[in-house]
Amino acid sequence: MTGKDAPIVVLTGAGISKESGLATFRDADGIWATVRIKDVATPDAYRRDPKRVYEFYNARRQGLVGGNIRPNAAHGALARLEREWPGGVLTVTQNIDDLHERAGAKNLIHMHGELLKIRCDVCGNVVAWRDDLGIEDACAACNTAGRMRPHVVWFGEMPFEMERIERAISAAGVFMSIGTSGNVYPAAGFVMLARQAGARTVELNLEPSEGATLFEEKIYGPASQVVPVYVERLLHGAGD
Ligand code: BV8
């Protein structure tokens, strides 16, 4: 097992929130089974039909805030790891839900943005937002109406805090990938960076991801079961 003074970087995807009641993207019952990326999750979609994009994110936002959605044991185990691991833990999530924060995570990067925030397309001002977003909503900073968008990274847009993420992975002793299919870049390429840095790489997922062969260790099962067990092993493993 890795020395406890080595930092850990954890990448999470939609699979970690599935047992909390949020849909994934590419499972049979996933989001992309009913709506096309190019219609709702690209800058062109927003320019072409903002109402359609607002409706897509309003439905997901209402599902998150109004649907009795709670963090599960996997989110809780990662927050525990962050509290107890001497070398420090950074969680990088592709998810736009707030379940990691609600489970207690502090050192957290939402590389694809956050569903509960909106951003002004004119001045860049970002505000917390839990209601429906409409074309009539104005920016609290520059007063421009009709230019507020979800604070979410669409396909073709640069994910947030990439330099900080790459620096952290380059210094990591352990890289854990949880609940992601390994389809979306640049996140899907992080394991390569971790291997180049000499980090121990482990995938915890329901089934092998696209990048499964790149991980030294692979543990399959529902995140709420396998993640707490793995965290316990990291913290109090028999030195294996
Ligand atoms: C960019 C926010 C460039 C919106 C999302 C190579 C290099 C760089 C880019 C590309 C490249 N090749 C292609 C690209 C372009 C593109 C891309 O990757 N396309 C793919 C489809 C081929 N990437 C981009 O556009 C990115 N931007 O590259 O910018 C650039 C450069 C310079 C200047 C400007 C720009 C931006 C990508 C971000 C897009 N936004 N989300 C929203 O949420 O609505 S992506 C979307 O996919 C979500 O963020 C999601 O998190 C992410 C990844 O999906 P997963 O989380 O993995 O979910 P998925 O359903 O796929 O898998 C779930 C997994 O969980 C499964 O494996 C399942 O088995 C497992 N699971 C299920 N249940 C459980 C479970 N596991 C455990 N327990 C369970 N119970």
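Just so it is clear, the structure is predicted and the values come from calculations on it, not from any experiment.

Quick word on the pairing of strand β1 (residues 8–12)
Among the five residues of β1, five are classified as buried, and the element is accordingly described as predominantly covered. Residues Ile-8, Val-10 and Thr-12 point to one face of β1 and Val-9 and Leu-11 to the other, with burial holding for every one of them. With five bridges connecting them, β1 and strand β2 (residues 89–93) associate as parallel partners. Directly across from Val-10, in β2, lies its bridge partner Thr-91.

Observations concerning the site of the ligand
Around the ligand, a shell composed of 36 residues is seen, among which Arg-26, Arg-60, Gly-156, Thr-180 and Ser-181 lie nearest. Taking Thr-180, its side chain carries an N or O atom lying 2.6 Å from an oxygen atom of the ligand. Within the contact set of the ligand, an oxygen atom lies 2.6 Å away from a side-chain nitrogen or oxygen of Ser-181. Protein coverage of the free-state accessible area of the ligand, which is 1500 Å², stands at 77%. Contributing elements (two or more residues each) for the shell around the ligand: α1 (15–18) and α4 (50–66). A per-class count over the shell around the ligand returns 16 nonpolar, 13 polar and seven charged.

Re the packing of aromatic side chains
According to the stated counting rule, one finds eight aromatic pairs in the structure shown. Of the aromatic side chains, those joined through ring pairs into one cluster are Phe-25, Trp-32, Tyr-46, Tyr-54, Phe-56, Tyr-57, Trp-154 and Phe-155. One Lys or Arg, Arg-149, reaches over the ring of Trp-154 and ends 3.8 Å from the middle of that ring.

Observations concerning the sheet that holds strand β5 (residues 126–128)
Taking strand neighbours across the sheet as the criterion, the three strands line up as β5-β4-β6 in an open arrangement whose pairing is antiparallel. Edge positions in the open sheet fall to β5 and β6 (148–152), since each of these has one partner strand only. Each strand of the sheet is rotated relative to its neighbour by a mean of 40°, with strand direction disregarded. Two strands pair when backbone bridges link them, and strand β4 (residues 113–120) and β6 are joined in this way by five bridges, in the antiparallel orientation. Pairing of Gly-113 across the sheet is with Val-152, part of β6.

Notes on the state of the cysteines
A full pass over the atoms with the stated rule returns zero disulfides. This cysteine, Cys-123, is not joined by any disulfide, and Cys-139 carries the nearest cysteine sulfur, 3.6 Å off.

Some thoughts on the pattern of salt bridges
Scanning the model with the defined rule gives 15 salt bridges in all. Among the ionic pairs, Asp-29 bridges to Lys-18, the shortest N-O distance being 3.7 Å. Residue Asp-29 is located in the loop between α1 and α2 (37–40), and its partner Lys-18 is located in helix α1; the two are separated by 11 residues in the primary sequence. Classification of Asp-29 as exposed rests on a relative accessible area of 51%. Overlapping salt bridges bring together Arg-36, Asp-39, Asp-44 and Arg-48 as one network.

Basis of the calculations
- Numbering of residues begins from 1 in every chain and follows the order in which that chain's sequence is written.
- Local features are withheld for residues below a pLDDT of 70 in this predicted model, meaning they are given only at 70 or higher, and side-chain atom pairs are given and counted only at 80 or more; totals for whole chains, interfaces and linings count all residues.
- Hydrogens are left out, water is left out, and the side-chain values use all remaining heavy atoms of the structure.
- Whether a residue is buried, partly exposed or exposed follows from its accessible area with a 1.4 Å probe, protein chains only, as a fraction of its type maximum: under 20%, in between, or over 50%, in that order.
- Runs of H or I in DSSP of at least four residues are treated as helices and runs of E of at least two as strands, each being numbered from the N terminus.
- Only strands that DSSP links by at least two bridges are regarded as paired with each other.
- The nearness test applies per residue and asks whether one of its heavy atoms lies within 4 Å of the molecule or strand.
- Polar contact is defined as a pair of N or O atoms within 3.5 Å, subject to the rule that within protein one atom must be able to donate a hydrogen and the other to accept it, and that residues adjacent in sequence are counted only when both atoms are side-chain atoms.
- Only the protein chains shown count as cover for residues, and all accessible areas are computed by the Shrake-Rupley method using a 1.4 Å probe.
- All amino acids are sorted into three groups, where Ala, Val, Leu, Ile, Met, Phe, Trp, Tyr, Cys and Pro are nonpolar, Asp, Glu, Lys and Arg are charged, and the leftover types, Gly among them, are polar.
- Between rings of Phe, Tyr and Trp, where Trp is taken as its six-membered ring, a pair exists when centres lie within 6.5 Å; planes separated by under 30 degrees are stacked, by over 60 edge-to-face, and by other angles tilted.
- As a reminder, the over-ring test applies to NZ of lysine and CZ of arginine, requiring each to be within 6 Å of the ring centre and within 35 degrees of the ring normal.
- With axes taken as lines fitted to C-alpha atoms, and helix axes fitted only over the stretch in contact, angles between N-to-C directions fall between 0 and 180 degrees.
- We call a pair of cysteine sulfur atoms a disulfide whenever their separation is within 2.5 Å.
- We define a salt bridge as a side-chain nitrogen of Lys or Arg found within 4 Å of a carboxyl oxygen belonging to Asp or Glu.

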